[in-house]
Amino acid sequence: MATFRALRLHKTDSPAPDVKIEQLTTGDLSTGNVLISNEFSSLNYKDALAVTGKGKIIRDFPMVPGIDAAGVVLESDDPNYHPGEHVILTGHGVGETHTGGMSEQVRVPGSYLVRTPQALDSRKAMQFGTGGLTGMLCVLALLDSDLKPSDGPIAVSGAGGGVGGIATTVLSTLGYEVHAITGRESEHDRLKELGASEILERADFTRDPKPLESTRFAGAIDTVGGQVLATLIPQIIYNGVIAATGNAGGFQFSTTVFPFILRNIRLQGVDSVHAPSETRERAWQLLSENVTTDQLDASTRTIDLENVVGTAEQLINNQVSGRVLIDVQA
Ligand code: NDP
């Protein structure tokens, strides 16, 4: 049987898994009716947690991690997908409970896939990756809540990260004034290049907020959670919207009901894993139409499977800026 290369995590007695690059056959892959020759994956926060064992992401070992992938259909029993077509894979437990993207071949049910938009190829698709898709889904949550550029500035927290960077880029392209919140001074210039009009210090959002404060944002995209989210909420205008997607800054948070009752603040959770396929297709299309990957080139770096562990450690320690692509065929 033909073999292909993949990175696999094996269980150990400590939280950190044993990471091996191995030759696998399709018999080692989870089931599905579409087999893909994978071209690129990317390294996301969740992948870094899985690879380092710093988060309990993987429950069934051995597991091929990688929550996203993009490549070409090799074999398909799904009438919607045919050999030779370019596809993108995100969510649905891929790289968590279903073997994932850090492999030259990936097999999934066709319902997990989205056709790669015309303007993108596999590399460009993974420059956005799950982070980009999630950033776009957050922007869609604001657009679908009727928040307009004229309503006022939008705060983006964790702006130096993958999701926050894409959200900053898309919002500014669509004409919104973006106030990017970051804890890294080294990110200031890059965030300005991505379109942020103001850079705010994360330290100003890690204090104990008052129940209601002076309002200064029409909405927010929060990728950080915890104290930052709790501090943002009382600063949002009447009828404002927050799309919250992450918890890099902690999953506990405390606030009062006042902003929700007295200012009708709407807090919307965004989870790319569970987004319906029509919404994901719409988000990919909008991404491909509104952001050129040229805007991301300077902050994209490409690694191969051998460099995944080291880069994952850096990402967990907040030492990685922008997007990390994995060239799985390298
Ligand atoms: P990154 O690691 O690329 O970025 C996270 C950013 O959060 C960092 O760059 C940093 O921003 C900020 N940050 C990190 N640690 C802390 C901290 N202790 N306190 C406050 N801020 C912190 O991750 P992603 O952008 O890929 O993901 C961001 C979040 O979104 C994660 O929690 C991830 O799990 C979640 N996510 C959710 C998805 C979903 O579908 N629900 C999909 C993808 C991601 P800066 O350097 O600017 O300070």
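Residues numbered from 1 in each chain as written. Predicted model: local features only at pLDDT ≥ 70, side-chain atom pairs only at ≥ 80, totals over all residues. Heavy atoms only, no water.

Participant: Would you mind going over the overall build of the protein chain with me for this structure?
Facilitator: When you go through the protein chain residue by residue, the secondary structure sums to nine helices and 15 strands. Taking 330 residues into account, the globule formula puts the C-alpha radius of gyration at 20 Å, and the protein chain, at 20 Å, falls close to it. Along the first, second and third principal axes, the C-alpha atoms of the protein chain reach 65 × 45 × 35 Å. Residues classed as buried in the protein chain amount to 55% of the 330 residues present. If you take every contact in the protein chain between residues at least 6 apart in sequence, the share linking residues at least 24 apart comes to 69%. With the model as given, the accessible surface of the protein chain reaches about 13700 Å², and the carbon-plus-sulfur share is 48%. Taken as two groups, the 26 positive and 39 negative side-chain charges of the protein chain have centres that lie 5 Å from each other. (Helix = DSSP H or I, 4+ residues; strand = E, 2+ residues; numbered from the N terminus. Rg over C-alpha atoms; globule rule 2.2 N^0.38 Å. Buried < 20%, exposed > 50% of the residue type's maximum accessible area, 1.4 Å probe, protein only. Contact = heavy atoms within 4.5 Å. Areas by Shrake-Rupley, 256 points an atom, 1.4 Å probe, with all protein chains shown as cover. Lys, Arg positive; Asp, Glu negative; His and termini not counted. Charge placed at Lys NZ, Arg CZ, Asp CG, Glu CD.)

Participant: Where do I start with the packing of aromatic side chains in this structure?
Facilitator: For any pair of aromatic rings, geometry is given as the distance between the ring centres together with the angle between the planes. Considering all chains together, one arrives at two aromatic pairs under this definition. Plain terms: the ring middles of F128 and W284 are 6.5 Å apart, the flat faces sit at 70 degrees to each other, and that makes the pair edge-to-face. Of the two residues, F128 is situated in helix α2 (residues 122-144) and W284 in helix α7 (residues 277-290); the sequence distance between them amounts to 156 residues. Side by side, F128 and W284 carry an identical accessibility label, which is buried. Judged by centre distance (6.5 Å) and plane angle (35 degrees), the rings of F205 and F217 are tilted. With F205 in the loop between β10 (198-201) and β11 (217-222) and F217 in strand β11, this pair connects stretches of sequence that are twelve residues apart. The burial state of F205 is the same as that of F217; both residues are buried. (Phe/Tyr/Trp six-rings, centres within 6.5 Å; stacked < 30°, edge-to-face > 60°.)

Participant: What am I meant to see in empty space enclosed by the protein here?
Facilitator: If a probe the size of a water molecule is rolled over the atoms, the empty space left behind becomes visible. Per the counting criterion, the structure on display carries one cavity of 30 Å³ or more. A volume near 60 Å³ is recorded for the largest cavity. Those elements giving two or more residues to the lining of the largest cavity turn out to be α3 (162-173) and α4 (188-194). Top contributing element to the lining of the largest cavity by residue count: α3, with three residues. (1 Å grid on protein atoms, 1.4 Å probe; cavity = no way out; pocket = protein on both sides within 12 Å on 5 of 7 lines; lining within 4 Å. Points joined across faces, edges and corners; volume = space filled by probe spheres on them.)

These figures come from the coordinates and say nothing about function on their own.
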